[in-house]
Amino acid sequence: MSPSLFSIYINDLVEVINAANCGVTVDNRTISIMLYADDIVLITPDETSMDKLLSVLNEWCEKWQISLNPQKTKIVHFRTPSKPQSTHKFTCGPEIIETCDCYRYFGLWFNERLDMNKTVKELSKSASRALGVLCIKFKILGGMTFKVFSKLYASLVEPILFYCAGIWGTKSYSCVNNIQNKAIKFFLGVGKTTSNLATRGDVGWTSCETKQKVECIRQLCKLHRLDSNRYLSSYFNYLMIHKTRNSWYTKVTKFVESINLGELIKFNINSVKYAVNEAKLRFDELDSLNWSNDMYNDKNNVNGNKLRTYRQFKHIRITESYVTNPKITRHQRRLISQTRSGSLPIAIETGRYSKPPILLENRLCNYCDQKEIENEFHVIMKCKAYNDIRREILADFVNNTSPNYDEYSYELFLMIMSDDYAQTSLGKFLEQMYYKRKQLSV
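Quick caveat, the model's predicted, so the values are computed rather than measured.

Visitor: How would you sum up the overall build of the protein? Please name residues and give values.
Guide: When helices and strands are tallied, the protein shows 20 helices and nine strands. Taken against the 2.2 N^0.38 rule, which gives 22 Å for 442 residues, the C-alpha radius of gyration of the protein at 29 Å runs more than 25% over that of a compact globule. When each of the 442 residues of the protein is scored for burial, the buried share is 44%. Within the protein, contacts between residues at least 6 apart in sequence are counted, and of these 64% link residues at least 24 apart.

Visitor: Residue-level account of a nonpolar patch on the surface, with values.
Guide: There is a patch of nonpolar side chains on the surface, built from Tyr9, Trp64 and Ile66 and spanning about 250 Å² of accessible area. Mapped onto the secondary structure, Ile66 falls in the loop between helix H2 (47–63) and strand S5 (74–76). Residue Ile66 is classed as partly exposed on the basis of its relative accessible area, which comes to 31%.

Visitor: Break down a positive patch on the surface for me, with residues and values.
Guide: Side chains of Lys171, Arg245, Lys251 and Lys254 sit close together on the surface and give a patch of like positive charge. Its location among the elements puts Arg245 in the loop between helix H9 (231–241) and helix H10 (248–258). A relative accessible area of 66% places Arg245 in the exposed class.

Visitor: Can you lay out the packing of aromatic side chains for me, pointing to particular residues and giving the numbers?
Guide: Going through the model one piece at a time under the given rule, you end up with 18 aromatic pairs. Seen in terms of ring centroids, Phe138 and Phe149 are 6.0 Å apart; in terms of plane orientation they differ by 85 degrees. Their pairing is edge-to-face. Remark: Phe149 occurs in helix H4 (residues 146–161) and Phe138 occurs in helix H3 (residues 117–140); sequence separation between them is 11 residues. As far as the burial class goes, Phe138 and Phe149 line up, both buried. Between Phe138 and Phe186 the ring centres are 5.1 Å apart and the planes differ by 75 degrees, which places this aromatic pair in the edge-to-face class. With Phe138 in helix H3 and Phe186 in helix H6 (residues 174–188), this residue pair connects regions lying 48 residues apart in the sequence. Classification of Phe138 as buried rests on a relative accessible area of 3%.

Visitor: Give a detailed account of the pattern of salt bridges, specifying residues and quantitative values.
Guide: The full count for this structure, using the stated rule, is 23 salt bridges. With a shortest N-O distance of 3.0 Å, Arg282 and Glu278 are connected by a salt bridge. Placement of both Arg282 and Glu278 in helix H12 (residues 272–295) is noted, with a separation of four residues, approximately one turn of the helix. Take Glu278: its relative accessible area is 21%, and that puts it in the partly exposed class. Among the ionic pairs, Arg317 bridges to Asp287, the shortest N-O distance being 3.5 Å. Taken together, the residues span a long stretch of sequence, with Arg317 in the loop between helix H13 (310–313) and helix H14 (321–324) and Asp287 in helix H12 at a distance of 30 residues. The same class applies to Arg317 as to Asp287, namely buried. Within the structure, one salt-bridge network assembled from shared partners comprises Arg200, Asp284, Asp287 and Arg317.

Visitor: Please give an account of the environment of Ile31 that cites residues and values.
Guide: Here Ile31 shows up in strand S2 (residues 29–31). In sequence terms Ile31 and Leu68 are 37 residues apart; their C-alpha atoms lie 22 Å from each other. When residues no more than four places from it in sequence are discounted, the contact partners of Ile31 are Gly23, Val24, Ile43 and Tyr235.

Visitor: Explain the pairing of strand S9 (residues 108–111) residue by residue, including any values.
Guide: Relative to S9, strand S8 (residues 102–105) runs antiparallel, the two being bridged by four bridges. Bridge pairing in S9 links Cys102 to Asn111. Count of turn residues in the S8/S9 antiparallel hairpin: two residues, of which Phe106 carries a positive phi of about 55 degrees.

Visitor: Help me get a handle on the side chain of Asn111, residues and values and all.
Guide: Within the fold, Asn111 resides in strand S9. Side-chain polar atoms of Asn111 contact the backbone nitrogen of Asp115, separated by 3.1 Å. Excluding its chain neighbours within four sequence positions, the residues that come into contact with Asn111 are Val76, Phe78, Asp101 and Cys102.

Visitor: So what's going on with the sheet that holds strand S6 (residues 90–92)? Residues and values would help.
Guide: With respect to topology, three strands assemble into an open sheet ordered S5-S7-S6, the strand pairing being mixed. Two strands in the sheet have a free side with no partner beyond their single neighbour: S5 and S6. Neighbour-to-neighbour, the strand axes of the sheet open up by a mean angle of 40 degrees, direction not taken into account. Pairing of S5 with strand S7 (residues 95–100) involves three bridges; the strand directions are parallel. Directly across from Val76, in S7, lies its bridge partner Cys100. Running at roughly 15 degrees to S6, H2 makes contact with S5, S6 and S7 of the sheet.

Visitor: An account of the packing of helix H8 (residues 208–224) against H10 is requested, with residue identities and associated values reported.
Guide: Between H8 and H10, the shortest axis-to-axis distance is 10 Å and the interhelical angle comes to 110 degrees. By the criterion of interaxial angle, the relationship of H8 to H10 is roughly perpendicular. Contact residues: Lys213, Cys216, Ile217, Gln219, Leu220 and Leu223 in H8; Trp248, Tyr249, Val252, Phe255 and Val256 in H10.

Visitor: Describe the nonpolar core, with residues and values.
Guide: Among the nonpolar cores identified, the biggest contains 69 residues, and Phe149, Tyr153, Trp168, Ile380 and Phe429 are the most heavily contacted of them. With eight residues, the top contributor of residues to this core is H3. Setting aside chain neighbours within four positions, we find Phe429 in contact with Val379, Ile380, Tyr386, Ile389, Arg390, Ile393 and Leu394. Val214, Phe236, Ile259 and Leu261 belong to the second-largest nonpolar core, a separate cluster that totals 21 residues.

What counts, and at which threshold
- Residues numbered from 1 in each chain as written.
- Predicted model: local features only at pLDDT ≥ 70, side-chain atom pairs only at ≥ 80, totals over all residues.
- Heavy atoms only, no water.
- Helix = DSSP H or I, 4+ residues; strand = E, 2+ residues; numbered from the N terminus.
- Rg over C-alpha atoms; globule rule 2.2 N^0.38 Å.
- Buried < 20%, exposed > 50% of the residue type's maximum accessible area, 1.4 Å probe, protein only.
- Contact = heavy atoms within 4.5 Å.
- Patch = residues over 30% accessible without salt bridge, like charges linked within 9 Å, V, L, I, M, F, W, Y side chains within 5 Å.
- Areas by Shrake-Rupley, 256 points an atom, 1.4 Å probe, with all protein chains shown as cover.
- Salt bridge = Lys/Arg side-chain N within 4 Å of Asp/Glu carboxyl O.
- Lys, Arg positive; Asp, Glu negative; His and termini not counted.
- Charge placed at Lys NZ, Arg CZ, Asp CG, Glu CD.
- Phe/Tyr/Trp six-rings, centres within 6.5 Å; stacked < 30°, edge-to-face > 60°.
- Pairing = 2+ DSSP bridges.
- Polar contact = N/O pair within 3.5 Å; in protein donor to acceptor, adjacent residues only side chain to side chain.
- Axes fitted to C-alpha atoms, helices over the stretch in contact; angles between N-to-C directions.
- Parallel < 35°, antiparallel > 145°, perpendicular 65-115°, else oblique.
- Core = buried A, V, L, I, M, F, W, Y, C linked by side-chain atoms within 4.5 Å.

Given below as structure tokens:
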């Protein structure tokens, strides 16, 4: 009963504020106050109007013996970059109200430029803390399956990370992407220098930008289906008529056009759920295409693309069997992921980060006398230092599964890297190889 009683109690405040007629007019409707429970927002076009509304508010507070909390009551002057911030001193009765450049409202930070950078950074910080809790639980339990980890991430982290993404999700934010990349790399057990494209491709997750776009589409569908008598419907109609280059509506409309979904969203014959599901499918296809294009982009890769080998056997963004196989230990999963993504600490990779960087042709194997570049193919298929491990672990798989391949050829190497049934043997081989390298390095 308390919320209902409070709404009745405060209802006459809305009447006296609206009677002052000092709000902002949009589409022949004036808005001067917004309320949710005990949170009140006053909106005016200028300083004089705000002074008048504050005076009305003060009179109402005195009448009903209610006091404002000066610590939570602020003024924000929303403006363009070329316009200076107001220096006017605002008061509500005896209380001086501070003017600030941003304010938190319902979990979102609104700054004077109305960009959402502050909001996204704060949400990312909160999501990072939630991810930290998930990682601690993971370690306490001694690990968990990918299905469980994905479900917990989607339930505990993403609701925080994508809170109100329908409003701010019109562009990509590195701080948001970093949270998802961090979660993926934690589960795979790889370091921060491991390729984001490769790790996301192996777990099969959709990009954060795509998830944000879907939320924007969901918001657009709801706006199109609003009752015409609601204030928000009038403001949305105003946006559609007076759209500007950088407005939210213009940006989301471009998303819709990019996947040919315009008619499905505008008309009410389909439910919001149906339209959003269709948007998810089309955006997912576009995301997979962009992922593939980025994988083959060698621009600015002076020392060679880390995905030089990965893109020869990985063509579809889908969850790999080594990620979900419970027989593969976390250590083996880490080594497989590093090998696939080109971040295994072997000469071809460590030479990239030497100062100065070692030329590619000089990144030779130090564990055998073959004088070959120590890349993934050399380590798994050719290096003499691991012949005993290779015969013990890989030979049976090669003989039983792929008799048509030349022994330890590059074609066989690509098959081992991509074949679902080979991942258990590959994990065991890499683990034994790892321990032998440590012994040889002593």
